[in-house]
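Structure assessment
Given next are the chains, with one letter for each unit.
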Amino acid sequence: MAVSPERISALLAEVPTGLLIDGQWRPAASGQRFAVENPATGEVLVEIADAGAADAAAALDAAAAAQEAWAATAPRERGEILRRAFTAVTDRAEDFALLMTLEMGKPLAEARGEVTYGSEFLRWFSEEAVRAFGRYSIAPDGKSRLLVTKKPVGPCLLITPWNFPLAMATRKIAPAVAAGCTMVLKPAALTPLTAQLFAQIMLDAGLPAGVLNVIPTTTAGATTGDLLVDPRLRKLSFTGSTEVGRALLADAAPNILRTSMELGGNAPFLVFEDADIDAAVTGAMAAKLRNMGEACTAANRFLVHESVAEEFSRKFTAAVAAKHTGPGIEEGSDIGPLIDAKSRDKVHELVSDAVSAGAVALTGGGPVAGQGYFYQPTVLGQVPQDSRILQEEIFGPVAPIVSFRDEDEAVRLANATEYGLVAYVYTQDLNRGLRMGERLETGMLGLNAGVVSNPAAPFGGVKQSGLGREGGVEGIEEYLYTQYIGIADPA
């Protein structure tokens, strides 16, 4: 059923358009606002407050003032707030899905999946809030007692990307709330509306004023730069490009900030000669086309054994060619628009470069004519190994295929990147699968699986793909520090 304009207008009217500072929605100090567009049409959805440096300072003031009381709040109460937020987001799943589709472009079916995924971080960390265990022991020499405790690191700056507007916010906010940290959230300027609505959900769930502050802005560096050298800020968590991550790490160095960095990816998708090809094609569709390929976990390079390369390419190309491109709110739309014209043009630049070097477009190969920022789902064969498209993150619905001769060459090609976020391996040989886990330089591995993200699992990479982990039992540790207390021998 088509979404009516009346429903869209009613939903957008519910989204707060101010800055959330100390529990109140208020305009930017400068009075500036910016427009949020629908990438499927280029039309303006709504205008919201555009934070500046003064607003960021006020947000940190509020977070710092709330930190002591929030850290002293009972873990069970922090967990119950998250649980109430989980229920509220779940109850409003259709609203959140529609809002994400409007501002980011993904099809409604995928947006609904993100609501399920994103809300699970709230439920998971509501349970972890009461499990930040320490320990008590007798020193090895018997002369003292060792008490080890976990304490919240303090006020955090959370910077989220545009591609998963709900899940990237809940993946950072939920563990910070569970650990007892206050926050300043800077959502992506391209997709801030979901974070705005979610922040109101957190307030409604009972989160005290000042614990979560939200400052959407179009001038990220100028707005938040001073926060990174403010001694009251104790942690930075960033999800985005490796280039920006490097700059933020440099800016955070003078203050010796705790940092979590979830950066770029260049995921290899390995198909061995003994793989179930139909299962590999299904997994490849999920790994490549989920979120229009605009995901750091998206399969970027398809490395296929030469003996099955023709079969895999034929079946994969047919499956990709069958996908329908169109606005996410339309029934039957499989592939939505890319986020903006710049992103679409970058994808086409990579495709054109590969084709000029000898690659062949088996399907697709160019932008879709008309309004919006659509790109044809594309499969490239005969891709030269030195092509830019194999070196750079594509962030679009384009799948380059390269063949390999044996396992050693597959590993060499897979590891030939500065990134190391995730890899995918299809094989029916369990021993080979385990070897790949040992040999591939990656923080995560999908073994006969095209999707690995799970709130109960640690998400993160190695090399230039980042630092730290989000989700799982490891996720809350990023927001805690360890304190050791040496106790004199009571005897």
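Residues numbered from 1 in each chain as written. Predicted model: local features only at pLDDT ≥ 70, side-chain atom pairs only at ≥ 80, totals over all residues. Heavy atoms only, no water.

Some details on the pattern of salt bridges
Note the cut-off: A side-chain nitrogen of Lys or Arg and a carboxyl oxygen of Asp or Glu constitute a salt bridge if their distance falls within 4 Å. Helical segments are the DSSP runs of H or I of at least four residues, strand segments are the runs of E of at least two, and each set is numbered from the N terminus. Classification of residues uses two cut-offs on accessible area relative to the type maximum, computed with a 1.4 Å probe and protein chains only: under 20% is buried, over 50% is exposed, and between them is partly exposed.
Considering all chains together, one arrives at 33 salt bridges under this definition. Across the pair Glu 14 and Arg 92 runs a salt bridge, and its minimum N-O distance is 3.0 Å. Of this pair, Glu 14 sits in helix α1 (residues 5-14) while Arg 92 sits in the loop between α3 (75-91) and α4 (93-104); the two residues are 78 residues apart in sequence, bridging distant segments of the chain. Salt-bridge contacts for Lys 346 lead to Glu 392; the nearest nitrogen and oxygen are separated by 3.5 Å. Of the two residues, Lys 346 sits in helix α12 (residues 341-356) while Glu 392 sits in the loop between α13 (388-391) and β16 (398-404), which places them 46 residues apart along the sequence. Residue classification places Glu 392 among the partly exposed positions, given a relative accessible area of 24%. In the salt-bridge network here, residues are joined through shared partners; they are Glu 273, Asp 274, Glu 407, Asp 408, Arg 432, Arg 435 and Arg 439.

Observations concerning the packing of α3 against helix α7 (residues 193-204)
Heads up, the rule is: Working convention: axes come from line fits to C-alpha atoms, limited for helices to the stretch in contact. Angles between N-to-C directions cover 0 to 180 degrees. Put simply, angles under 35 degrees are roughly parallel, angles over 145 are roughly antiparallel, angles from 65 to 115 are roughly perpendicular, and the rest are oblique. The crossing is said to be left-handed when, going from far helix to near helix, the turn is anticlockwise and less than a right angle, and right-handed when the turn is clockwise. Any two residues having at least one pair of non-hydrogen atoms within 4.5 Å are treated as being in contact. Polar here means any residue outside two lists: the nonpolar Ala, Val, Leu, Ile, Met, Phe, Trp, Tyr, Cys and Pro, and the charged Asp, Glu, Lys and Arg; Gly therefore counts as polar.
In contact at an axis separation of 9 Å, α3 and α7 are set at 130° when each is read in the N-to-C sense. In this view, α3 runs oblique relative to α7, as classed from their interaxial angle. As α3 runs across α7, the sense of the crossing is right-handed. Contacts between α3 and α7 pair Ile 81, Leu 82, Ala 85, Ala 88 and Val 89 from the former with Phe 198, Ile 201 and Met 202 from the latter. Counted by class, the contact of α3 with α7 contains eight nonpolar, no polar and no charged residues.

Quick notes on the sheet that holds strand β18 (residues 422-426)
Heads up, the condition is: By the convention used here, strands pair only if DSSP detects at least 2 bridges between them.
Here we have seven strands laid out as an open sheet, ordered β14-β15-β16-β13-β12-β18-β19, and mixed in their pairing. In the strand order of this sheet, the two ends are held by β14 (360-363) and β19 (444-447), each with one partner. For this sheet, the mean angle separating the axes of adjacent strands, direction not counted, is 25°. Each of β12 (267-271), β18 and β19 is contacted by helix α15 (residues 430-439), which is oriented at about 165° to β19, the strand it contacts most.

Points about the sheet that holds strand β6 (residues 144-152)
In space, the three strands of this open sheet follow the order β5-β6-β22, with antiparallel pairing throughout. Both outer strands of the open sheet, β5 (135-138) and β22 (480-488), are each paired with one neighbouring strand and no more. Averaged over all pairs of adjacent strands, the angle between strand axes in this sheet comes to 20°, irrespective of strand direction. As paired strands, β6 and β22 are joined by nine bridges and run antiparallel to one another. Residue pairing for β22: Val 148 is matched across the bridge by Tyr 484.

A few points about α12
For the α-helix, the turn length of 3.6 residues means that residues three or four positions removed from each other point alike. Here is the rule: Expected span of a helix, by definition, is 1.5 Å for each gap between consecutive residues, and there is one gap fewer than residues. The arc under discussion is defined with respect to the helix axis, by the directions toward the C-beta atoms.
Taking 1.5 Å per residue, 16 residues should reach 22 Å; α12 reaches 22 Å between its end C-alpha atoms and fits that length. Here α12 has its buried residues at Ser 343, Arg 344, Val 347, Leu 350, Val 351 and Ala 354. Burial along α12 is one-sided: seen end-on, the buried residues are contained in an arc of 125°. Away from its buried face by more than 90 degrees, α12 exposes Lys 342 and Ser 356. Looking at the buried positions of α12, the neighbouring elements they touch are β15 (378-381), α13 and β16. Directly beyond the C-terminal end of α12, a positive phi value near 125° is found at Gly 358.

By themselves, these are just geometric observations and shouldn't be taken as functional.
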